[in-house]
Amino acid sequence: MNFKKILATMLSVVSIATLPALSVSATSASRTSSNSSLSATIRSDVWIQTIADFDGTGEFQVTAAYNSTNSTYENPDWVKTAWDFYAIGISASVSYEGIGGSVLGYGTTSTSSGYWINSNGAKTAWWRGRVGATGLCFYVGVSNTASAYEAGVPISTTAKV
């Protein structure tokens, strides 16, 4: 009898210990737009975990990346990533907390949206956080608008999952 209890306990511990090793299911999207006068592109990347963790939340990350092949326009005045969550379900709403953004930037967050701007000559801006939903929610998605401003010319694009 004791052997069965010890074996059951060991199997339980092994099962629980391997749970974090399970792969996380996620979806992502990327979209690029170009501007010929700046010889530049702006790329919007968005990634979100599709199956929630045990606490009912999942991770997300958004990024804006600017690139110019013209050395005159290679460092934008600013680059910005702006995200907006949406929930599909019945009486579903979204809440999230930020984990961090790229250095030397500034931004703000609210219940379902936020933004992060780098205005220090950086070519990227990103934000990472955790998101969850309340109500009967079937899916939480996010759209990310990447934008930059250089030499009086704005450039932007949006990716959505």
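Quick caveat: nothing in here was measured; it's all calculated off a predicted structure.

Student: Give me the side chain of Thr57: which residues, what numbers.
Tutor: The topology assignment puts Thr57 in strand β3 (residues 57–68). Within the local environment of Thr57, its side chain forms a polar contact with the side chain of Asp55, the two groups lying 2.8 Å apart. Looking at Thr57, its side chain comes within polar contact range of the side chain of Arg130, at 3.0 Å. Non-local contacts of Thr57, meaning those with residues more than four positions away in its chain, are made with Gln49, Ala52, Arg130, Val131 and Gly132.

Student: Tell me about the nonpolar core, and please be specific about residues and values.
Tutor: Ranked by size, the top nonpolar core spans 24 residues in total, and within it Ile48, Phe60, Tyr66, Trp83 and Phe85 carry the most contacts. Mapped by element, the contributors of at least two residues to this core are β2 (40–49), β3, β4 (78–101), β7 (124–150) and β8 (153–160). In terms of residues, this core owes the most to one element, β7, which gives seven residues.

Student: Give a description of the pairing of β7 that names residues and reports values.
Tutor: By the bridge criterion, nine bridges tie β3 to β7 in an arrangement that is antiparallel. What sits directly across from Gly58, in β7, is Val131. Where β7 meets β8, eight bridges bridge the pair, whose relative direction is antiparallel. In the strand pairing of β8, Ser143 is matched with Lys160. Following β7, the chain reverses through two residues before pairing antiparallel with β8; Ala151 in that reversal takes a positive phi of roughly 55 degrees.

Conventions adopted
Residues numbered from 1 in each chain as written. Predicted model: local features only at pLDDT ≥ 70, side-chain atom pairs only at ≥ 80, totals over all residues. Heavy atoms only, no water. Helix = DSSP H or I, 4+ residues; strand = E, 2+ residues; numbered from the N terminus. Polar contact = N/O pair within 3.5 Å; in protein donor to acceptor, adjacent residues only side chain to side chain. Contact = heavy atoms within 4.5 Å. Core = buried A, V, L, I, M, F, W, Y, C linked by side-chain atoms within 4.5 Å. Buried < 20%, exposed > 50% of the residue type's maximum accessible area, 1.4 Å probe, protein only. Pairing = 2+ DSSP bridges.

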